[in-house]
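Here are the chains, one letter per residue:
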Amino acid sequence: MKQKSITVYSIIISTVFAAAIVFFCWRLGYEYVAGSDRTKAQFSNLKDSTRTALLLYEPSSAEFKKAFEKACGNYEDYAFITLKDSTHVLFTYPTQADTATAVRFCEPYTYSFSTGDASYILSASLYLIRPSSVFYYARFTFLIILIATAFTILLIIYVHFSSSNAMHVQNELFEDETLLEDTYAENDFASSSKPALLEKPMAEGNEAAPSPYSLATFEETAPQPQNETEKTATPQGLFSPATGLSWEQYLEVRLDSELIRAASSEQDLSLFLLRVPLLSLADSIALRISTYLSEQFQYNDLLFEYKSDGFAIIKENTAIDEAISIAETMHAAVSKLLKEENASLACAIGISARSVRMLPGKRLLKEAEEALENALDSPENPIVAFRVNADKYRQIIGKEQ
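So, a few notes on the structure that sits alongside this text. (Residues numbered from 1 in each chain as written. Predicted model: local features only at pLDDT ≥ 70, side-chain atom pairs only at ≥ 80, totals over all residues. Heavy atoms only, no water.)

### Considerations on the nonpolar core
- Counting residues in hydrophobic clusters, the biggest one holds 31 residues, and the most contacted among them are Phe272, Ile289, Leu293, Phe311, Met330 and Ile351.
- The set of elements that each furnish at least two residues to this core consists of strand S6 (269-275), helix H8 (284-297), strand S8 (310-316), helix H9 (320-341), strand S9 (348-353) and strand S10 (383-387).
- The dominant element in this core, judged by the number of residues it contributes, is H9, at nine residues.
- Once you skip the residues sitting within four places of it in the chain, methionine 330 turns out to touch Phe272, Leu274, Tyr292, Leu293, Phe297, Ile313 and Ile349. (Core = buried A, V, L, I, M, F, W, Y, C linked by side-chain atoms within 4.5 Å. Buried < 20%, exposed > 50% of the residue type's maximum accessible area, 1.4 Å probe, protein only. Helix = DSSP H or I, 4+ residues; strand = E, 2+ residues; numbered from the N terminus. Contact = heavy atoms within 4.5 Å.)

Okay, here's the thing in structure tokens:
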């Protein structure tokens, strides 16, 4: 489930909960406000019916008792009812009614009257908020909240198992390299060499003309470590003292963690590889480029040295098309710095993006390196982006599930 969908669902479910509670409070409040008029009308009907019944029947007769109970109506509306003459209690509800006990949310009434030679006192206390109403509205509110909660739990379970299945497919994809290669069978490289966005598929077998910035030329002339100990030595600290950026040895590990984070929040992620053939990271121009990258991307822990003449940048929440636009700006700025220092140097940029896939950092790095090789081999297209066939990737994922 996408982060946006989770946010929308959270807002909806919170609104349902709030609406249920507001409904419960509003209905009880409305009944309390209307309770005074309701209880007054109910007691008025009770006293008129009681007076009429006493005129027609003897207080001790079954006919009177039946007529009085009918006049009372629903006993759950009363906290208590008493009817007595000058010497006896003729009726009481409940059986041990305590008229002196004050009951909250009740309205007490008393009526004295005479029929013939006898005098009677009718007392009653009616609920402004009836217990039956509290139960009814509480039950309705509870059912709404229960249904919404159950639906949320089912949704959480569904998302959990969907994530588990997705991770299972991801593991299978990592273990089966042939399957991953099939997903890239129809990939293309989008390239740009102008300020306006230009996407150009790289045809298979299209051999670029030899150039001073080709990968082969670089491999022959690039400075190499003095010995194997220097090449494989563990870096000291998190950042290189020469450029202030992270060491290349940390690139793949950090890329793995950022890909996991991006997949969990369903965001994209792009990797930039920038190389300047014949450049040394110990040169002053390399420090100027590092300073520019730090100012442009701000997070030095996402900026890395790359080989002996380049830089790697991890850009969060960035799709491939946006990455190409960023690369154009980067290429123009770096080219300007190179021109100020040494007109013979030029840079090339290779890009790859997660593009809704679940893949390891090693795979994304390989794609960016392939894009960079094409950029180095084509000076007229110094920015090349690896574009995955997302539709075919989804089809393979669907088949595996």
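### Observations concerning the sheet that holds strand S2 (residues 89-93)
- With antiparallel pairing, the four strands of this open sheet are ordered in space as S2-S1-S4-S3. Unpaired on one side and paired on the other, S2 and strand S3 (106-115) mark the two borders of the sheet. Taken pair by pair, the neighbouring strands of this sheet meet at an average axis angle of 5 degrees, ignoring direction.
- Relative to S2, strand S1 (residues 78-85) is paired through four bridges, and the arrangement is antiparallel. Counterpart to lysine 84 in the pairing with S2 is valine 89.
- Across the sheet, helix H2 (residues 62-72) lies against S1, S2 and strand S4 (118-127), angled at about 145 degrees from S1, the strand it touches most. (Pairing = 2+ DSSP bridges. Axes fitted to C-alpha atoms, helices over the stretch in contact; angles between N-to-C directions.)

### Here we look at the packing of H8 against H9
- Two elements in contact, H8 and H9, have axes separated by 10 Å at closest approach and are oriented at 150 degrees. One finds that H8 runs roughly antiparallel with respect to H9. Note on packing geometry: the crossing formed by H8 with H9 is right-handed. In this structure, H8 contributes Ser284, Ile285, Arg288, Ile289, Tyr292, Leu293 and Phe297 to the contact, and H9 contributes Ile326, Thr329, Met330, Ala333, Val334, Leu337, Leu338, Glu340 and Glu341.
- Of the residues in the contact of H8 with H9, the class split is 11 nonpolar, two polar and three charged. (Parallel < 35°, antiparallel > 145°, perpendicular 65-115°, else oblique. Left-handed = near helix turned anticlockwise from the far one by under 90°. Nonpolar A, V, L, I, M, F, W, Y, C, P; charged D, E, K, R; others polar.)

### Looking at the side chain of glutamate 367
- Within the secondary structure layout, glutamate 367 lies in helix H10 (residues 361-377).
- Here the side chain of glutamate 367 touches serine 352 through a polar contact of 2.5 Å, side chain to side chain. (Polar contact = N/O pair within 3.5 Å; in protein donor to acceptor, adjacent residues only side chain to side chain.)

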